[in-house]
Amino acid sequence: MATTDEPRWLNPAEKEAWTGLVSLVLLLPGRLEAPLQQEAGLTLFEYLALSHVSEAPERRLRMSELAYLANGSLSRLSNVVKRFEQRGWVVRSPDPDDGRYTLVALTDAGFAVVEAAAPVHLRAVRQALDPLTAADQQALARIAAKLRVRPADLA
């Protein structure tokens, strides 16, 4: 006799989708990070943080927005940004529009790091995407957009 507390197991289609998603989430970051570590001395998170700031207007972003874009917590980002500051790659300052927020700005030295690491990252990304057709890539982007959760304070 089934109770309402029993789990409703995944059907075969759900299980296949879930297994595929988990493999992407767990395996793909390592494939993207290994070349960055070997050739540029950066973790994937560090590269994403620097890269997103480099693409922002005036090469400046709020820390909270950067944490979202780089897929990390504010505390993790704060530790990374502190190391970047010590290396002269970024500068932090209060947001002049709202002092409750902190801005991170990329220095010329930080931009040079991004420029040197970008080809390494792009090769790894293209290698990961190579088996996909254009339609597959569009479907993946559409699915990722549906599954991505944007924090309420950034909406």
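It should be noted that the structure appears before, not after, this text.
A quick note: this is a predicted structure, and the numbers were derived from the prediction, not measured.

Colleague: Before we move on, could you go through the pattern of salt bridges and cite the residues and values that matter?
Modeller: This structure, assessed with the given rule, holds 7 salt bridges. Across the pair Glu39 and Arg123 runs a salt bridge whose closest N-O atoms are separated by 2.9 Å. Of this pair, Glu39 sits in helix H1 (residues 12-40) while Arg123 sits in helix H5 (residues 108-129), and the two are 84 residues apart along the sequence. When its relative accessible area of 52% is taken as the criterion, Glu39 is described as exposed. Arg123 gets classed as partly exposed once you look at its relative accessible area, which sits at 48%. Its salt-bridge partner being Glu46, residue Arg83 comes within 3.3 Å of it at the nearest N-O pair. Taken together, the residues Arg83 in helix H4 (residues 74-87) and Glu46 in helix H2 (residues 44-55) connect sequence positions 37 residues apart. Judged by its relative accessible area of 7%, Glu46 is buried.

The rules behind the values
Residues numbered from 1 in each chain as written. Predicted model: local features only at pLDDT ≥ 70, side-chain atom pairs only at ≥ 80, totals over all residues. Heavy atoms only, no water. Salt bridge = Lys/Arg side-chain N within 4 Å of Asp/Glu carboxyl O. Helix = DSSP H or I, 4+ residues; strand = E, 2+ residues; numbered from the N terminus. Buried < 20%, exposed > 50% of the residue type's maximum accessible area, 1.4 Å probe, protein only.

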